Amino acid sequence: IGEPSDQWYDYQGAPTGTDIECEGWRQEAALRMLNNNLDPEVGEDPEDLVVYGGTGRAARSWDAYDAIMSELRDLGDDETLLIQSGKPVGRFTTRERAPRVLIANSNLVGNWDTWEHFHELEAEGKIMYGQMTAGSWAYIGTQGIIQGTYETLAELARQEYDGDLEGRIVVTGGLGGMGGAQPLAVTMNHGVCIAAEVDEARIDRRIETGYCQEKVADLGEAIERAEAAAERGERYSVGVPVNTADMLEAMLDRDFVPDVITDQTSSHDELEGYYPSGYTVAEADALRESAPETYREVSIDTMERHVDAILEHQQRGATAFEYGNNLRGQVKEHCDRDDAFDFPGFVPAYVRPLFCRGKGPFRWAALSGNPDDIHRTDEAIRELFPEKDALLRWIDLAQEQIQFQGLPSRVCWLGYETDDDGLTERARFALRINRLVAEGEIDAPVVVTRDHLDAGSVASPNRETEAMKDGTDAVADWPILNALLNCAAGADIVSVHDGGGVGIGNSLHTNNHVVLDGTDRAAETAKRVYTTDPGMGVVRHADAGYDDAIDEAEQSDVAVPMRDR
Ligand code: NAD
C-alpha cells in the first residue's frame, strides 16, 4: 500500500470549519468523512489505511488515497465519482440530484467469493477489504457501535433479567474498534464486564477513552474484582491481557461461570483478524508473515477450543450468543462442527423485532467539527420524540459518557413509523437537522449515514439474516435493491460491499450518506432517502412473513404487493 501520504500527515483527521476545499458540501463531506476514518483518534491503524474490523480499509493504497482526494477536490456538482475497492476508477457527468460518489468494495462473483481468492487479488493490489463503514467512509469510532451493543444487551436483560444487568457478569473477548464498545455498553446497563484482549495497547486505548475502567493482568484477581462489584450491584469493567479461548477454559477450571458470554474478536478472518493461543502478539504477527498456512491452522484450532468453551459455559448455565464475528461459521466450516451453532446469533435473539419496524443505527457527524452542533441535534431528538423514554435515556447516557473521536457525531436507532404527515422517524429528524443548518443554529452542514448492519440493507446468513422465517437467509437481492433504490432516491454517496462483519463470501451489504446543507434540495433528498432506506427493512421482513413488519407496513402505509402473513 506504500508509505503514508504527506497530505494525510498534514490533515491528521478530517478538516473542520466552514471553509471548503471542494466545489460543494457534498464532495467536501466525502473528503472529510474519508479523512475522519483515517484520523489517528478514530481508525485503529491509519498508517496502514486500516480503520477497524481486522483489515477494513478506507482506501486501497496511499496512491489511491491521494488520487481520491484530488478527484473529490475537482468533482463538479453534476458529476459522479466511481470508487472500486478503494481506488478511483472513473468519473462521469450525471446530474445534480444523482449521487456524487458510488462505491463498490470487495465484491467477487459467487464461485470465486472466498478469502483465498480475495487474498490473492489483494496481494496483487487489485481489491480491498472494505469491511462495512471503513471502505464506505462512515466510521465514527467506537461510538458507532455502542448504541447497538447497549440496545442488544438491554433486550437481553429484558428477556432474561427484568430489564437490567445489575449484579450480572458479562464475559467477552476483543477490545478492538467495535468490540471496544462492549465494556461501556455493559456498564451503561448497570452490569459488570470481563473482556479478554491479547493486545495490551488496545486495552489501554479503551481505558484512555473511557470505554473500559481498568486493566488487570491476573485473571483470578479480575474475577474477584468482578464478583465483588456484582455483589455490591456496582458497574465495573476490566480488560485482561489474555487469549479469549485460554481465559474461558481457565474460568471453567475455576468453576466460574458468568451470567452472559459473547465475543468480538475478529474471528471472521482466521489469518489477519484472530490471534491463536500459545503465541504473543509479536510471535503471532511474525508467524503470519513466515508461515501463513500454519497460522491459519493454529488460529482455527484456537477458535474450535473457543467455541467448545462457550458451549460448556452455556451447558453450565451461562446465556451465550455470538456477536456477529462468524466464530460459529468458521468452526462449522473448517472443523465440520454443526454443534457450533448450538448458541444463537444476536440478530435473531435480540435485534430482528427492531429490523421489522425499519429500526437501525442511524448516525450523523458535524462537519464543522464543533461539538455544540451535536449537542444541538441531541436537543432536537428531545424536542421531536418526547414520548420515547428509551431513546431519551440513550441520549442522556451518550452525552454523559461518550467522548467524541474525530468529527463530533452521534448514533441512535430510529425507524420507519410515520407521523400524521406521513414522515418517517428518520425523515422527521433529518429534516429538523436540515432546518437547524439553514437557520444557522448549527455551524456547518451535517452528514447523515448509518451502519451497513441495518434493517433492509444486508444479506448475511450467519448474522443479520440468520434463521429468517422463510428460509431466505442467503438471498442477496435485498441489499442490491436497497442500494439501487437509494440511488434512485438521490442519496449523496451509495456503497455496496461484500464480506463485512463475517468475512468474504458471507455477506453483501450497502450504505448511503445524505449531506444536510440546509438547502431545499437536501430536504427533498432526506425526505426521500429516509423513507426508502428504512422502508426496505419493512418490505424485506414483511415479505419474509414477520407479523411485526406487516403491522408496520399497514400502520405506516408502506406498499407491499402480494403481502402474506
Ligand atoms: P478489530 O480487528 O478492531 O478488533 C479485534 C480485536 O480482537 C483486536 O484488538 C485483537 O487483538 C483481538 N483478538 C483477536 N483474537 C483474539 C483472541 N483470540 N483473544 C483475545 N483477543 C483477540 O475488530 P472490531 O472492529 O472490534 O470487530 C470485531 C469483530 O466483531 C469482527 O469480526 C467484526 O466483523 C465483528 N463486528 C460485529 C459487529 C456487530 O454489530 N455485532 C459490528 C462490527 C463488527
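Just so we're clear, the structure is a prediction, and the values are computed from it rather than from any experiment. (Residues numbered from 1 in each chain as written. Predicted model: local features only at pLDDT ≥ 70, side-chain atom pairs only at ≥ 80, totals over all residues. Heavy atoms only, no water.)

Quick notes on the overall build of the protein chain
Keep this limit in mind: Working definition: helices are DSSP H or I runs of at least four residues, strands are E runs of at least two. Numbering for both runs from the N terminus. Any two residues whose heavy atoms approach within 4.5 Å at even a single point are treated as in contact. Each accessible area is a Shrake-Rupley estimate made with a 1.4 Å probe; only the visible protein chains count as cover when residues are assessed. Asp and Glu count as negative and Lys and Arg as positive, but His and the ends of the chain are not part of the count. Here the site of a charge means NZ on Lys, CZ on Arg, CG on Asp, or CD on Glu.
Of regular secondary structure, the protein chain possesses 19 helices and 17 strands. When the backbone C-alpha atoms are referred to their principal axes, the protein chain occupies close to 65 × 50 × 45 Å. Pairs at least 24 residues apart make up 70% of the contacts formed inside the protein chain by residues separated by at least 6 positions. Counting only carbon and sulfur atoms, one obtains 45% of the accessible surface of the protein chain, whose full area is about 20000 Å². Here the protein chain contributes 50 positively and 106 negatively charged side chains, and the mean placements of these two sets differ by 5 Å.

So, the site of the ligand
Using the following cut-off: We call a residue near a given molecule or strand whenever any one of its heavy atoms falls within 4 Å of it. For the purposes of these results, a polar contact is taken to be a pair of N or O atoms within 3.5 Å, where, inside protein, one atom must be able to donate a hydrogen and its partner to accept one; residues adjacent in sequence count only when each atom of the pair is a side-chain atom. When residue character is reported, Ala, Val, Leu, Ile, Met, Phe, Trp, Tyr, Cys and Pro are called nonpolar, Asp, Glu, Lys and Arg charged, and the others, Gly included, polar. A domain assignment, automatic or from a database, supplies the domain bounds used here.
Looking at the ligand, there are 32 residues lining it, with Gly54, Glu197, His268, Tyr323 and Gly501 nearest. With respect to the ligand, the backbone of Gly177 contributes an N or O atom lying 3.0 Å from an oxygen atom. In this structure, a nitrogen atom belonging to the ligand sits 2.9 Å away from a main-chain N or O atom of Tyr275. A total of 850 Å² of accessible area belongs to the ligand in isolation, and the protein chains cover 98% of it. Each residue belonging to the shell around the ligand can be placed in one class, and the counts come to 10 nonpolar, 17 polar and 5 charged. For the shell around the ligand, the two domains that each supply at least three residues are domain 1 (1-41 + 59-129 + 351-565) and domain 2 (144-344).

Observations concerning helix 15 (residues 389-401)
For an α-helix, the turn length of 3.6 residues means that residues three or four places apart are oriented alike. Rule in force here: Every helix has an expected span of 1.5 Å times one less than the residues it contains. For the exposure calls, accessible area comes from a 1.4 Å probe over protein chains only, and a residue counts as buried if that area is under 20% of its type's maximum, exposed if over 50%, partly exposed in between.
Its 13 residues place the ends of helix 15 18 Å apart at the C-alpha level, agreeing with the 18 Å of an ideal helix rising 1.5 Å per residue. Taken residue by residue, helix 15 has Leu391, Leu392, Trp394, Ile395, Leu397 and Ala398 as its buried positions. Each element contacted by the buried residues of helix 15 is listed here: helix 5 (143-160), helix 6 (182-188), helix 14 (371-384) and strand 13 (409-414).

Considering the nonpolar core
Put simply, the rule reads: To define a nonpolar core, start from buried Ala, Val, Leu, Ile, Met, Phe, Trp, Tyr and Cys residues and group those joined through side-chain atoms within 4.5 Å.
Counting 106 residues, the largest nonpolar core has Trp137, Trp364, Trp394 and Phe429 as the members making the most contacts within it. By size, the runner-up hydrophobic cluster in this structure holds 35 residues, among which are Ala226, Met247, Leu311 and Ala320.

Examining the pattern of salt bridges
Operational definition: In the sections that follow, a salt bridge refers to a side-chain nitrogen of Lys or Arg positioned within 4 Å of a carboxyl oxygen of Asp or Glu.
Enumeration over the complete set of coordinates arrives at 56 salt bridges. Between Glu322 and Arg328 there is a salt bridge whose closest N-O contact spans 3.0 Å. Residue class for Glu322 comes out buried when judged on its relative accessible area of 3%. Residue Arg328 is classed as buried on the basis of its relative accessible area of 0%. Linking Asp454 and Arg426 is a salt bridge whose minimum nitrogen-to-oxygen distance equals 3.0 Å. Of the two residues, Asp454 is situated in the loop between strand 14 (446-450) and strand 15 (458-459) and Arg426 in helix 16 (residues 425-438); the sequence distance between them amounts to 28 residues.

Notes on the packing of helix 16 against helix 18 (residues 520-543)
Note the threshold: Structural elements are reduced to axes, namely lines fitted to C-alpha atoms, with helices fitted over the stretch in contact, and the angle between N-to-C directions of any two is expressed from 0 to 180 degrees. Angular relationships are summarised with four words: roughly parallel below 35 degrees, roughly antiparallel beyond 145, roughly perpendicular across 65 to 115, and oblique for the angles in between. If you view the pair so one helix is near and one far, a crossing is left-handed when the near helix is turned anticlockwise from the far one by less than a right angle, and right-handed when it is turned clockwise.
Look at helix 16 against helix 18: their axes get within 8 Å of each other, and the N-to-C directions meet at 160°. It follows from the interaxial angle that helix 16 and helix 18 lie roughly antiparallel. Taken as a pair, helix 16 and helix 18 cross one another with a handedness that is right-handed. The segment helix 16 lies against helix 18, with Arg426, Ala427, Ala430, Leu431 and Asn434 engaging Ala522, Ala523, Ala526, Lys527, Tyr530, Asp533 and Pro534. Residue classes in the contact of helix 16 with helix 18 are distributed as 8 nonpolar, 1 polar and 3 charged.

Here's the deal with the packing of helix 17 (residues 477-488) against helix 18
Two elements in contact, helix 17 and helix 18, have axes separated by 10 Å at closest approach and are oriented at 160°. Judged on the interaxial angle alone, helix 18 and helix 17 are roughly antiparallel. Crossing of helix 17 against helix 18: the hand is right-handed. Of the residues in helix 18, those in contact with Trp478, Leu481, Asn482, Leu485 and Asn486 of helix 17 are Val529, Thr532, Asp533, Met536, Val539, Arg540 and Asp543. Split by residue class, the contact of helix 17 with helix 18 holds 6 nonpolar, 3 polar and 3 charged.

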